[in-house]
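# Per-entry structural report
Letter by letter, the chains look like this.
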Amino acid sequence: MQKVYKFLLLLFILSSLGTFVYSQEKDTTITSIDADLINIFNQKTPKKYKIAAIGTIGNRYFDENLLISISGLNVGDEITIPGGDNFAKAINKLWSQNYFNNVEIYITKLEGKNITVQIAVTERPRLARFSFKGVKHGEIDDLTTKTGLIAGRVVTENMRRSAIEAIKKFYAEKGFENAKIRIDERKDSTIHNSISLIFYIDKGNKVKINNINFAGNNIETAILKKQLKGTKEQSRLTLFKPDDKGGFIEVKPYTFNDYLKDKGYLTYTYTRKVLDPYVRFKFFISAKFNDKKYTEDKEKLIGYYNANGYRDALIERDTIVHNNVGALNIDIQVNEGHKYYFGNIAWRGNTKYPDSILTAVLGIKKGDTYNLDILNKKLGKGGAPESADVSSLYMDDGYLFFVADPVETSVYNDTIDYEIRLREGPQATIKNIKIAGNEKTKEYVIRRELRTIPGDKFSRELLIRSQREIAQLKFFNAEKINPNVIPSPDDGTVDITWNVEEKSSDQLELSAGWGGIIGLTGTLGVTFNNFSIKNILHKSAWDPLPMGDGQQLSIRAQSNGRAFRSYNFSFTEPWFGGKKRDPFTVSVYDTKFANAYNPLTGTYTSASANSSYLRTTGISVSLGKQLKWPDDYFSGSIGLSFTRYQLVNYYISPISLPGFNNGFSHNLNVKFAIQRSSIDQPMFPRTGSNFLLSLQITPPFSLIDRNLVMQSNQYEWIEYHKWRFNGEWYLPLTKPAGAEHNKQLVLKAAAKYGFLGKYNPLLQISPFERFQVGDAGLSNQYALIGYDIISQRGYPVYQTSNPKVNPDQNGATQYFTIFNKYTLELRYPLSLNPSSTIYALGFFEAANGWYDIKEYNPFKLRRSVGLGMRFFLPMFGLLGFDYGLGLDRYFPGATLKDMSRFTFMLGYEPE
């Protein structure tokens, strides 16, 4: 209140001086002080006055109207003097903004019952710039982000305190628990009323954990230490000496620094010669102390005890003792209590299923180690949505209102008996299905994928399956597909609202360049994955294109000057006929690979391109069908394809197509395929599997007309039978993590096989449709004659089946009729945002190819390891790269560069 009535003293001074002048950013002069203005504060009886005008002074950065609005004072307000609190409230409101060092309110004019009010403020200084001293250059950007300091903002005490806390936290996470920060403030002459902040940082010594000691434990200390994932001891040296039995016994475990000190080393450069013959040392252990991680680790420790039957376990006390060299010891006193086991488990309230079935689904037997978390998960309390638990058993049969309560009935010695009390409730019927968020996709496209149908019984399994089917469309953000289940116990029904978030699924491929003597090069391709062909003639549907019916349309043109050009068109209707998921696809393509180089002139010419080339023209149609047996994850398809190859003075290789450089070849084939796919989503699968078995056959022309064997062009009608098998499995190795709890480390395992056979023993196996193994799977001229491109990262394309022969010695001129390939990949997502799905991977691959079934050996393989990244961008599709190390490319004197290979992919994932 002293600030509120400071003007009493001011007015007394004014009455003595007769004149008062405000002088800050703008001058306001009050002259000839009216006696009535002074008498306002001398009156004993409260009187009401009306605010006629409000002005401000001292505000440079704040708008006058904003300042008055914050104060809460308004022209026309009635003020009671003395006794009113309007001015006090106004000052408190302005003061609470933390933008001012001082706030005062003056009455500058009185006319009858009308007063003029002036708000005088002194603004706090603003931040001109800031810097950090005593830190590494690479840490400055991190500190700038962590502190949240931004030039131009008002400097408050809270800003200073928050910055210091952020800096301390930043270094505490790096093990510097005793960091000291001092702030130096300096006036900045470049900007009015501003200051610069200089943070002087003394990180101190990194606090490392010397020893972690447990007391009161029966479980081995080493096992307990493993539960402390974020709290580790310093690396240890363990000394051994030979015993009299020919083995070794441990002499003394101690820290590496102690070892060096004993040896008299003041500085240390690691070489194997320094260590004693019987020294074992574990490197790369992070022993920094982090208080937050330590608190979490103590909870994990108790969780480990609980999971092993020690339900009463607790940490009685823990002590952290610092020494004089920046290290600390942690002493943890535990009280394990008794170890308990499950006893008898009885069921009450079950009418749908007998005790025997419920006990089998529960999977807990008498004598099993007691674990309440496992019991709850088996009952469906907090378990995974697809887990085989008691709750799933009921909910998959419509019992949405099912509840299971485990109750302890007896605790004796080390055994606990339970009674599981069930409230089955009625079976729920699906009433209404609503869809929200589909801004482009037609509602029927989503509804036809749903397994949750109005009138059917509720099923959690079908709810999860519907979620998967919507994700497989690739039109929506798979992480945001959310079924909102709204039960109504009164009438035994349930409403389901499917919330989806549209994402861009179309792709654009655009590139252009000038290849000098080659000419114009470039690619123009578009793929519309949610097209609507029935609206293509309706102008109103073009926004910018007719979309929303779930069809796929792809058009692509590519040119590499005079050397290569290609045109492709394809269209897919995923629900042919509109009643079942029976995809129908038609595609047409025409490609020309020319030998446009003229060795006489040293240029690429149109004449050369027209006199030596390979042209491929084809059309294919296929029809798929969703199957019900063995289960509805299966689908089948049949496709008919015709391809014509035209060779004009074109030389591929004497082994690939011996004696065939001119003429036509025709490939008429039928392809049968059966597939089972249960992966949870297409972009980054976490669970499920994908299997594909296919058979591609041509008519046995040489058996129908035996004269074909004797004619000069044995390739006029190509004949073969081609078998393929692909299998992929996805297994999550960690629990979901990340800000949205959707990031998991995933293991992918894959196996692929291929076999190309012939009908007629008098003919060679077809030189077309073979398997090219090696490299990144990038297409070349051999893809034009039907080769399956089988990538193997870390290797060039090779033609020998012997892994001991260096594949780099010569290029491949012939390709395999048999291959197999095995892959293990560890994947971790860095971003699952629909605008950019990014994940890192590490891989192990083993593959090889053969020419004859007699040579086939599935264990005679070339191996490789490496790392890679994948980027899925909606407009451009897949972008990826891998760095592979061919383990069987080693030869005496080989360097890492000789054995490794960097590969790049764009638009598709190679086989």
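An account of the accompanying structure is given in this report. (Residues numbered from 1 in each chain as written. Predicted model: local features only at pLDDT ≥ 70, side-chain atom pairs only at ≥ 80, totals over all residues. Heavy atoms only, no water.)

## Digging into the nonpolar core
This is how the line gets drawn: Throughout this description, the term nonpolar core refers to a set of buried Ala, Val, Leu, Ile, Met, Phe, Trp, Tyr and Cys residues connected via side-chain atoms within 4.5 Å. Throughout, exposure labels follow a simple rule: accessible area from a 1.4 Å probe, protein chains only, divided by the maximum for the residue type, with under 20% read as buried, over 50% as exposed, and the rest as partly exposed. A helix here means a DSSP run of H or I that spans at least four residues, while a strand means a run of E at least two residues long, and both kinds are numbered starting from the N terminus.
Within the largest apolar cluster, 24 residues are counted, with the highest numbers of intra-cluster contacts made by Y645, L647, F768, V773, I785 and Y798. Elements represented by at least two residues in this core include exactly β30 (634-648), β35 (771-773) and β36 (788-790). Counting 22 residues, the second largest nonpolar core, distinct from the first, contains L67, A90, L94 and I119.

## Some words on the sheet that holds strand β18 (residues 415-423)
The pairing of strands in a sheet happens through backbone hydrogen bonds and is either parallel or antiparallel. As a reminder of what qualifies: When DSSP finds two or more bridges between a pair of strands, those strands are recorded as paired. Interaxial angles span 0 to 180 degrees and are taken between N-to-C directions of axes, which are lines fitted to C-alpha atoms, for helices over the stretch in contact.
A sheet is described by the order of its strands in space; here 3 strands give the open sequence β16-β18-β17, paired in mixed fashion. Sheet topology places β16 (341-348) and β17 (403-412) at the edges, where each strand pairs with a single neighbour. Neighbour-to-neighbour, the strand axes of this sheet turn through a mean angle of 25°, independent of strand direction. Judged from the 9 bridges that link them, β17 and β18 form a sheet pairing that is antiparallel. Within β18, the residue paired with V403 across the bridge is R423.

## Here's the deal with the sheet that holds strand β8 (residues 180-188)
Threshold: Between two residues, a contact is recorded if the distance between any of their heavy atoms is within 4.5 Å.
In spatial order, the strands read β7-β9-β8; together these 3 strands make up an open sheet with mixed pairing. What marks the edges here is a single partner per strand, and that holds for β7 (126-133) and β8. Averaged over neighbouring strand pairs, the angle between their axes works out to 20° when direction is ignored. Docked against the sheet, helix α5 (residues 137-147) engages β7 and β9 (194-202), running at close to 140° with respect to β7. Packing of helix α6 (residues 157-172) onto the sheet brings it into contact with β7, β8 and β9, and relative to β8 it is tilted by some 140°.

## Remarks on the packing of α5 against α6
Basically, it comes down to this: Throughout, the term roughly parallel applies to angles under 35 degrees, roughly antiparallel to angles over 145, roughly perpendicular to angles from 65 to 115, and oblique to all others. By convention the crossing between two helices is left-handed if the near helix lies anticlockwise of the far one by an angle smaller than a right angle, and right-handed if it lies clockwise. Any residue that is not Ala, Val, Leu, Ile, Met, Phe, Trp, Tyr, Cys, Pro, Asp, Glu, Lys or Arg is counted as polar, Gly included; the first ten are nonpolar and the last four charged.
In contact at an axis separation of 9 Å, α5 and α6 are set at 130° when each is read in the N-to-C sense. As far as their axial angle goes, α6 and α5 are oblique. Viewed along their axes, α5 and α6 form a crossing whose handedness is right-handed. Contact with α5, carried on its side by E139, D142, L143, K146 and T147, involves A163, A166, I167, F170 and Y171 of α6 and no other residues of that element. Its residues placed into classes, the contact of α5 with α6 shows 6 nonpolar, 1 polar and 3 charged.

## Section: the environment of N833
The topology assignment puts N833 in strand β37 (residues 818-833). The class for N833 is partly exposed, based on a relative accessible area of 38%. A sequence separation of 356 residues divides N833 from N477, and the C-alpha atoms of the two residues are 7.8 Å apart.

## With respect to the side chain of D788
Take D788: it is sitting in strand β36. Sequence-distant contacts of D788, defined by excluding residues within four places in its chain, comprise K722, R724, R770, F771 and Q772.

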